[in-house]
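Chain and residue survey
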Amino acid sequence: QVQLVESGGGLVQTGGSLRLSCAASGIIFSMNAGVWYRQAPGKQRELVARITSRGFTNYADSEKGRLTIARDFDKNTVYLQMNSLKPEEPAVYLCAAESPLGVLRYWGQGTQVTVSS
């Protein structure tokens, strides 16, 4: 059974930082891209960062410079470091595993991030 479990969300002040984690089991995460999405109330789910199986990264244009995605092969985990958080960004952050063909195969349950002003 494949599971992706996110953690690290919470309440943070404007300008603060959080590091989200996505731990995988039942799947070799390094053979898939790890992808973070953001789902805000009333808005479409949007991709914020991706790291491929080879370690290439890309970010949403609006997030460049504030987010860093990384992976730990030994822990089978993908991380999302978020800095300089803004108050308009409260949302659920979801982790997904993307196959080499670009298919989003598995999703985590999400972790809530709330930024106070």
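The structure this text deals with has already been given above.
Report follows, based on the coordinates. Quick caveat: nothing in here was measured; it's all calculated off a predicted structure.

With that out of the way, let us pick up unusual backbone geometry. Positive phi, normally seen in glycine, also occurs at N76, with a value near 55°. The phi angle at S84 is positive, at roughly 50°, despite the residue not being glycine. Along the polypeptide, S84 turns up in the loop between β8 (77-82) and β9 (91-98).

Turning our eyes to something else, we now look at the packing of aromatic side chains. For any pair of aromatic rings, the description consists of the separation of the ring centres together with the inter-plane angle of the planes. One pass over the structure, following the stated rule, counts one aromatic pair. Relative to W107, the ring of Y37 lies with its centre 5.1 Å away and its plane at 50°, an arrangement referred to as tilted. One end of the pair, Y37, is in strand β4 (residues 33-39); the other, W107, is in strand β10 (residues 104-107), and 70 residues separate them in sequence. Across the ring face of Y79, the terminal group of R19 is positioned such that the distance to the ring centre comes to 4.2 Å. Lying across the ring of W107, R45 places its NZ or CZ 4.6 Å from the centre.

The full count for this structure, using the stated rule, is one disulfide. The disulfide that involves C22 links it to C95, with 2.0 Å between the sulfurs. Taking the sign of the torsion about the S-S bond as the criterion, the disulfide between C22 and C95, at about -75°, is left-handed. Residue C22 is located in strand β3 (residues 18-25), and its partner C95 is located in strand β9; the two are separated by 73 residues in the primary sequence. Residues C22 and C95 agree in their burial class; the two are buried.

Reading the values: the criteria
- Residues numbered from 1 in each chain as written.
- Predicted model: local features only at pLDDT ≥ 70, side-chain atom pairs only at ≥ 80, totals over all residues.
- Heavy atoms only, no water.
- Helix = DSSP H or I, 4+ residues; strand = E, 2+ residues; numbered from the N terminus.
- Phe/Tyr/Trp six-rings, centres within 6.5 Å; stacked < 30°, edge-to-face > 60°.
- Lys NZ or Arg CZ within 6 Å of the ring centre and 35° of its normal.
- Disulfide = S-S within 2.5 Å.
- Buried < 20%, exposed > 50% of the residue type's maximum accessible area, 1.4 Å probe, protein only.

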